[in-house]
Amino acid sequence: MPIFVKIFKMKKALSLLVLLALFNACDDGDLTQEDISFEDVTLTQSCSANNVIYKLKENEALIMEIAKTNFPTELTAVNDTIELNISATANRVVYRFYNGTVTTANICETIAPATPVITDQWTATAGTIRIVTTPIKTLNETNNSTRITGYNHNIVLIDVTFAKEVGTQVYETFPFGNYTTSVANLPFNFDQTLEKCTSSNDVYNFNTSEALILNIDPSLIVNEATPLNSPRTGLIGTTTNVFTYRLFSNLLTADYFCQSTTPTTPAVNQEWNGVAGISGENGIIEVTTTTNGPNSFKHTIVLKKVSLQKGNSSFSLGDSFTLGELFTTTN
């Protein structure tokens, strides 16, 4: 047989072997990487009747069962962080794949719909759930005041191991996503009338469920008209000009105020304290006094750039907030 024919046949056989090797490599199950991908799903939902939160994407569901108490609204630190161990009985995490489009009913209903059917499930067997909580604030652009309307809980799974039908899958860092909880708006339904205790320097404004109390420096309340555009000024402080907002669980009446000790009833539901002011910048008290007839004076108290704080949450009363008007008389 001519030598060139032998060479041609050898090259042809070698090419076939290379093709077969490539074929087998492409068919190697070890090279097929399964993955969970919910990065493009921004909405994290919750079931009202249980502790399940979840994300849905067509025929996939990422589900977490975690006590709602792990989503705080009382922040003890900036970027308050909670870490929980994943287990089979508590703080459970499950990934499911269905044979059709999955809906809320498949996750939250006591008797789930018969379809779609779960065709694959991965169960987290180890790892940590890390939750970082920050307040959500809304801005009033008219006066630059803010209010806390909810809290954002950023959830990340750390060193999580999923048990699959065949083998395991490990993620060093797996972003679950953001879960938001809402809070009721603070009422702030105050009129403009202030009262003052005769036994102390407390000036207060209240309604049936809430109160604003300012332990004011007496030098700011003087029965003498102030010059035009020249109010008396002070700063919110921690010993003088202490400012407090309280929200109550039960009916609030005038009997609550001006006591030698603070009453325990009605119970305080929330207490926010004024942030100490900085001269020329924030936390400023302005008192403008005008005459209001013979031997009578009106003191209008305005708070400029004052913030209230509870734990590590805070909100602003805005550029200018009128605390109210206090009427006094002279003998």
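Right, let's walk through the structure included here. (Residues numbered from 1 in each chain as written. Predicted model: local features only at pLDDT ≥ 70, side-chain atom pairs only at ≥ 80, totals over all residues. Heavy atoms only, no water.)

Section: the overall build of the protein chain
And step 1. Across its full length, the protein chain holds two helices and 19 strands.
And step 2. A compact globule built from 331 residues would reach a C-alpha radius of gyration of about 20 Å, whereas the protein chain, at 33 Å, exceeds it by more than 25%.
And step 3. Expressed as a percentage of the 331 residues in the protein chain, the buried residues total 37%.
And step 4. At a minimum sequence separation of 6, the contacts of the protein chain that also span at least 24 residues come to 60%.
And step 5. On the protein chain, roughly 18800 Å² of surface is accessible, and the fraction owed to carbon and sulfur atoms is 52%.
And step 6. Here the protein chain holds 20 positive side-chain charges and 31 negative ones, and the gap between their average locations is 9 Å. (Helix = DSSP H or I, 4+ residues; strand = E, 2+ residues; numbered from the N terminus. Rg over C-alpha atoms; globule rule 2.2 N^0.38 Å. Buried < 20%, exposed > 50% of the residue type's maximum accessible area, 1.4 Å probe, protein only. Contact = heavy atoms within 4.5 Å. Areas by Shrake-Rupley, 256 points an atom, 1.4 Å probe, with all protein chains shown as cover. Lys, Arg positive; Asp, Glu negative; His and termini not counted. Charge placed at Lys NZ, Arg CZ, Asp CG, Glu CD.)

Looking at the packing of aromatic side chains
And step 1. This structure, assessed with the given rule, holds 18 aromatic pairs.
And step 2. Centroid distance F38 to Y95: 6.4 Å. Interplanar angle 85 degrees. Geometry classified as edge-to-face. Residue F38 is located in the loop between α1 (3–26) and β1 (45–46), and its partner Y95 is located in strand β5 (residues 92–98); the two are separated by 57 residues in the primary sequence.
And step 3. For F38, a relative accessible area of 3% gives the class buried.
And step 4. Ring plane angle 70 degrees and centroid distance 5.3 Å describe the contact between Y95 and W122, whose orientation is recorded as edge-to-face. (Phe/Tyr/Trp six-rings, centres within 6.5 Å; stacked < 30°, edge-to-face > 60°.)

Some remarks on the nonpolar core
Side chains that are nonpolar tend, in soluble globular proteins, to be buried together.
And step 1. Core analysis: the biggest nonpolar cluster contains 29 residues, and F188, F243, Y245, I301, L303, L317 and L323 have the highest contact counts within it.
And step 2. Secondary structure elements with two or more residues in this core: β7 (145–163), β11 (210–215), β13 (242–248), β15 (284–291), β16 (296–304) and β19 (321–329).
And step 3. Those residues in contact with L323 that sit more than four places away from it in its chain are D191, L194, N205, L212, L214, F243, I301, V302 and L303.
And step 4. Counting 24 residues, the second largest nonpolar core, distinct from the first, contains F38, I66, F71 and F176. (Core = buried A, V, L, I, M, F, W, Y, C linked by side-chain atoms within 4.5 Å.)

Re the side chain of N152
And step 1. Mapped onto the fold, N152 is located in strand β7.
And step 2. Only 3.3 Å separates the side chain of N152 from the side chain of N178, close enough to count as a polar contact.
And step 3. Excluding its chain neighbours within four sequence positions, the residues that come into contact with N152 are V132, T133, T134, I136, N178, Y179 and T180. (Polar contact = N/O pair within 3.5 Å; in protein donor to acceptor, adjacent residues only side chain to side chain.)

Quick notes on the pairing of strand β12 (residues 232–235)
And step 1. Side chains R232 and G234 of β12 all project onto a buried face; the interleaved residues T233 and L235 project onto a face where none is buried.
And step 2. Here β12 runs beside β15; their pairing, made up of four bridges, is antiparallel. Residue pairing across strands places R232 opposite V287, the latter belonging to β15. (Pairing = 2+ DSSP bridges.)

Describing the sheet that holds β11
And step 1. Here seven strands make up an open sheet; going across it, the order is β9-β10-β11-β13-β14-β17-β18 and the pairing antiparallel. Looking at which strands have only one partner, the edges of the open sheet turn out to be β9 (195–196) and β18 (313–316).
And step 2. Relative to strand β10 (residues 202–206), β9 is paired through two bridges, and the arrangement is antiparallel. Looking at the pairing, K196 lines up with V203 of β10.

Focus on the state of the cysteines
And step 1. Counted under the stated rule, the structure contains two disulfides.
And step 2. Between the sulfur atoms of C47 and its disulfide mate C108 the distance is 1.9 Å. Every disulfide takes its handedness from the sign of the S-S torsion; for C47 and C108 that torsion is -80 degrees, giving left-handed. Taken together, the residues span a long stretch of sequence, with C47 in the loop between β1 and β2 (52–57) and C108 in helix α2 (residues 104–108) at a distance of 61 residues.
And step 3. Between the sulfur atoms of C197 and its disulfide mate C258 the distance is 1.9 Å. Torsion about the S-S bond of the C197 and C258 cystine: about -85 degrees, corresponding to left-handed handedness. Of this pair, C197 sits in the loop between β9 and β10 while C258 sits in the loop between β13 and β14 (268–274), and the two are 61 residues apart along the sequence.
And step 4. Since its relative accessible area comes to 34%, C258 is described here as partly exposed. (Disulfide = S-S within 2.5 Å.)

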